[in-house]
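Tertiary structure, described
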Amino acid sequence: MRMTLLRLSRAATAGLVAAAALTAAAHSAEAAEAADTLGSAAAAQGRYFGTAVAASHLGETDYVATLNREFDSATPENEMKWDATEPARGTFTFSAADQVVNHAQAQGMDVRGHTLVWHSQLPSWVGGLGAADLRSAMNNHINRVMGHYKGQIHSWDVVNEAFQDGGSGARRSSPFQDKLGDGYIEEAFRTARAADPAAKLCYNDYNTDGVNAKSTAVYNMVKDFKSRGVPIDCVGFQGHFNSNSPVPSDLRANLQRFADLGVDVQITELDIEGSGAAQADSYARVVEACLAVDRCTGITVWGVTDKYSWRSGGTPLLFDGNYAAKPAYDAVLSALGGSGGGGNPGGGTATCTATYTRTADWSSGYNGQVTITAGSEPIGSWAATLTFASPQRVQATWNAVPTWSGNVMTARPSWNGTLAAGASTGFGFTVAKNGSDAAPVVGGCTVS
């Protein structure tokens, strides 16, 4: 095929180039029209939008439907860690990780590899090795795992969480640090480059999202690596946020200073505890920070649904336990420049709106009514989210079936889901104020 192409006339070659340009333009136009999911909207911005994937949930219909519809990158949540891939020295098992990789590839998703060298989730045999044996085992583990997936992984978290929290900027105590010294990180990266030269090689850590002592220690390591030709292509910022550790105001500046070193930056494990408008605003600010940095190549949220999150009590993800899109989802999609969908499993253009009215009020409580109105197309079902102020409690609902994630209620029709274009229905509820007279925040209406 190569020899045939080389013999094409210049005119024919020019025709091929023109056709390719037209095809690319058509694909670009299609992508712009289809930017109604997280993955498509991110792709239109030249980024990916991924999620952590657990092999054990790939048999659940709603999990798979949401994963396949919304995301274009997958990170095995636990399946590639050392205890999962090499539970006994020299004995490698890849079946669970293969499930994730095979599913992602079948859907056209990229895969991030997570993680090769980490102090946690190590099988017990690793910590008992002497220095020489540990060095051999580390390099063999990198070679065997990367070798198994050679050519299939976009980016690898080669070393994970190697620095201490706090203001010291010191390395974390671990079998690798304690027995091999500071040089183990460089050695791991050099071994990884040889194992799969095409894969992007990343350092990944948490509490490094803003400019602080820990992130500066990582910055200095990356700067040193780049100056000496140590192969490092990207830095991952995990992005685990809550009220005690909010999104830092200097996130963008921090991402930019790393990018200025000549590495890509990625948000790798994003989850933000909370609900409603506050959570939505925090998610939007993270997306906006990434989009403002040319070398921020993508964002991965750490899970598909709140119910399987490692921080499930904090409801930190974009979909609730019933796979309904939360206000944070809408905020992320909007920040990415996308529109429509709202998490609509059918992927169509049908829409709905939700408006709230207080219909009765007394000293200890009130009644509320939410009116659901279909857009310009008929809908078969709907879901609306409302965030109630603590310590209010909903005592009763009617004409809807509620489910809860913290203080966020997702209401779905009990009988009144089907609406003609422009038609309306509604549901109501009684709230015990418990000292708070605040109105609930309507997160929006989604067609489901």
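Before reading on, note that the structure itself is shown above.
The rules behind the values
- Residues numbered from 1 in each chain as written.
- Predicted model: local features only at pLDDT ≥ 70, side-chain atom pairs only at ≥ 80, totals over all residues.
- Heavy atoms only, no water.
- Helix = DSSP H or I, 4+ residues; strand = E, 2+ residues; numbered from the N terminus.
- Expected span 1.5 Å × (residues − 1).
- Buried < 20%, exposed > 50% of the residue type's maximum accessible area, 1.4 Å probe, protein only.
- Disulfide = S-S within 2.5 Å.
- Pairing = 2+ DSSP bridges.
- Axes fitted to C-alpha atoms, helices over the stretch in contact; angles between N-to-C directions.
- Contact = heavy atoms within 4.5 Å.
- Core = buried A, V, L, I, M, F, W, Y, C linked by side-chain atoms within 4.5 Å.
- Salt bridge = Lys/Arg side-chain N within 4 Å of Asp/Glu carboxyl O.
- Phe/Tyr/Trp six-rings, centres within 6.5 Å; stacked < 30°, edge-to-face > 60°.
- Lys NZ or Arg CZ within 6 Å of the ring centre and 35° of its normal.

Things to note about helix α8 (residues 131-148)
- For α8, which comprises 18 residues, the first-to-last C-alpha distance of 26 Å matches the rise-based estimate of 26 Å (1.5 Å per residue) to within 8%.
- Inspection of α8 places Leu134, Ala137, Met138, Asn139, His141, Ile142, Val145 and Met146 among the buried residues, and these make up the whole buried set.

Quick notes on the state of the cysteines
- Using the criterion set out here, one finds three disulfides in the structure.
- A sulfur-sulfur separation of 1.9 Å characterises the disulfide bridge that pairs Cys202 with Cys234. With the S-S dihedral at roughly -80°, the linkage between Cys202 and Cys234 falls on the left-handed side. Here Cys234 lies in strand β6 (residues 234-237) and Cys202 lies in strand β5 (residues 200-205), a separation of 32 residues in the sequence.
- Cys202 gets classed as buried once you look at its relative accessible area, which sits at 0%.
- Of note for the protein: the bonded cysteines, numbered N- to C-terminal, pair according to 1-2, 3-4, 5-6.

Quick notes on the sheet that holds strand β11 (residues 365-374)
- Ordered in space as β10-β11-β16-β13, the four strands form an open sheet in which the pairing is antiparallel. Every interior strand has two partners, whereas the edge strands, β10 (352-362) and β13 (393-398), have only one. For this sheet, the mean inter-axis angle between neighbouring strands, taken without regard to orientation, is 25°.
- Alignment of β11 against strand β16 (residues 424-432), held across nine bridges, turns out to be antiparallel. Opposite Thr371, over in β16, you have Gly426 as the bridge partner.

Observations concerning unusual backbone geometry
- With an omega dihedral of -5°, the bond running from His114 to Thr115 counts as a cis peptide bond.
- Relative to the assigned elements, Thr115 resides in strand β3 (residues 110-118).
- The residue Thr315 is not glycine, and still its phi comes out positive at about 40°.
- Among the structural elements, Thr315 can be located in the loop between β9 (296-301) and α14 (327-335).
- Note on Thr315: relative accessible area 8%, which makes it buried.
- Even without being glycine, Asn434 reaches a positive phi, approximately 50°.
- With respect to the element layout, Asn434 can be found in the loop between β16 and β17 (441-447).

Overview of the side chain of Lys326
- Mapped onto the secondary structure, Lys326 falls in the loop between β9 and α14.
- Judged by relative accessible area, Lys326 falls into the buried class, the value being 4%.
- If near-sequence neighbours (up to four positions away) are discounted, Lys326 is found in contact with Gln279, Asp306, Thr315, Pro316, Leu317, Leu318, Phe319 and Asp320.

Focus on the nonpolar core
- Within the largest apolar cluster, 97 residues are counted, with the highest numbers of intra-cluster contacts made by Phe49, Trp156, Val159, Phe189 and Leu318.
- The contact partners of Phe49, leaving out residues within four places of it in the chain, are Leu38, Gly39, Ala42, Phe71, Asp72, Ser73, Ile299, Val301, Leu318, Val332 and Leu336.
- Of all hydrophobic cores here, the second largest spans 21 residues; its members include Ala354, Ile372, Leu386 and Ala400.

A few points about the pairing of β16
- Among the nine residues in β16, eight count as buried, and that is most of the element.
- Pairing of β13 with β16 involves five bridges; the strand directions are antiparallel. Considered in β16, the bridge of Thr397 is made with Phe429.

Digging into the environment of Ser56
- Checked against the element boundaries, Ser56 lands in the loop between β1 (48-53) and α4 (61-70).
- Taking relative accessible area as the criterion, Ser56 reaches 63% and is therefore assigned exposed.

Focus: the pattern of salt bridges
- All told, the structure shown has 22 salt bridges when counted by the stated rule.
- Here Asp361 and Arg358 are joined by a salt bridge, their closest N and O atoms 2.6 Å apart.
- We classify Asp361 as partly exposed; its relative accessible area is 46%.
- Judged by its relative accessible area of 27%, Arg358 is partly exposed.
- Overlapping salt bridges, with partners in common, bring together Glu186, Arg190, Asp224 and Arg228 in one network.

Topic: the packing of aromatic side chains
- Enumeration according to the criterion identifies 16 aromatic pairs in this entry.
- Aromatic pair Trp82 and Trp125: ring centres 6.1 Å apart, planes at 70°, arrangement edge-to-face. In this pair, Trp82 is assigned in helix α5 (residues 82-85) and Trp125 in helix α7 (residues 124-127), connecting sequence segments 43 residues apart. Take Trp82 and Trp125: they sit in the same class, and that class is buried.
- Ring geometry for Phe427 versus Phe429: centroids 6.4 Å apart, planes at 45°, classification tilted.
- Here the aromatic residues Tyr356, Trp382, Phe388, Phe427 and Phe429 are joined through ring pairs into a cluster of three or more.
- Taking the ring centre of Tyr366 as reference, the NZ or CZ of Arg358 above it sits at 3.8 Å.

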